[in-house]
Amino acid sequence: GGRAGGMAGLREACKLEFGAVGSCGDDVECAQAHLGLVLCMAKQVCEAEARRFEQVIDREGVGAEAERGKAFGAMQGCLTKYAAAQREAAAK
């Protein structure tokens, strides 16, 4: 594709979200900012996981919280794998 690859590309694509994490005030604000950043990065490199999370983000009722937790965990797991692969590629 035409976009910058790797972690630098993610920083560029999600610079607003990175900024929000850097400047958030209280716990609630920081949690929101962190969520936004993870979602933004996942949209770049973990599209299926990001889509899944967006499907459950506004869900109400029994089990909704667990669904969200699971979907969020999947996004974070995907991003962790991505970051590790990037580091490995950079080390070669």
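Not measured: the values here are computed from a predicted model. (Residues numbered from 1 in each chain as written. Predicted model: local features only at pLDDT ≥ 70, side-chain atom pairs only at ≥ 80, totals over all residues. Heavy atoms only, no water.)

Chemist: What exactly am I supposed to notice about the environment of leucine 37 here?
Modeler: Among the secondary structure elements, leucine 37 is positioned in helix α3 (residues 27–45). Counting along the chain gives 16 residues from leucine 37 to valine 21, while the straight-line C-alpha distance between them is 7.5 Å. Discounting residues that sit within four places of it in the chain, leucine 37 has contacts with Cys14, Glu17, Phe18 and Val21. (Helix = DSSP H or I, 4+ residues; strand = E, 2+ residues; numbered from the N terminus. Contact = heavy atoms within 4.5 Å.)

Chemist: In this structure, what is going on with the confidence of the model for the chain? I would like to understand it.
Modeler: Low pLDDT marks stretches whose predicted atomic positions should not be read closely. With 96% of its residues at a pLDDT of 70 or more, the chain has an overall mean of 92. The weakest mean pLDDT in the chain belongs to helix α1 (residues 6–13) at 90; the strongest belongs to helix α2 (residues 15–23) at 97. (pLDDT = per-residue confidence, 0-100.)

Chemist: How should the pattern of salt bridges be read in this particular structure?
Modeler: For side chains of opposite charge, pairing can occur when their charged atoms come near one another. A complete count under the given rule lists five salt bridges for this structure. One salt bridge connects arginine 52 with glutamate 67, and the closest N-O pair in it is separated by 2.7 Å. Remark: glutamate 67 occurs in helix α5 (residues 64–91) and arginine 52 occurs in helix α4 (residues 47–56); sequence separation between them is 15 residues. (Salt bridge = Lys/Arg side-chain N within 4 Å of Asp/Glu carboxyl O.)

Chemist: What's the story with the state of the cysteines in this structure? I'm lost.
Modeler: In protein chemistry, a disulfide is the covalent bond that joins the sulfur atoms of two cysteines. For the structure on display, the rule yields three disulfides. There is a disulfide in this structure between cysteine 14 and cysteine 40, and the S-S distance comes to 2.1 Å. Handedness of the cysteine 14-cysteine 40 disulfide follows from its S-S torsion of about -95 degrees: it is left-handed. Here cysteine 40 lies in helix α3 and cysteine 14 lies in the loop between α1 and α2, a separation of 26 residues in the sequence. Taking the relative accessible area as the measure of exposure, cysteine 14 reaches 0% and is therefore buried. When its relative accessible area of 10% is taken as the criterion, cysteine 40 is described as buried. For cysteine 46, the disulfide goes to cysteine 78, at an S-S distance of 2.0 Å. What sets the handedness of the cysteine 46 and cysteine 78 disulfide is the S-S torsion sign, and at about -95 degrees it is left-handed. (Disulfide = S-S within 2.5 Å. Buried < 20%, exposed > 50% of the residue type's maximum accessible area, 1.4 Å probe, protein only.)

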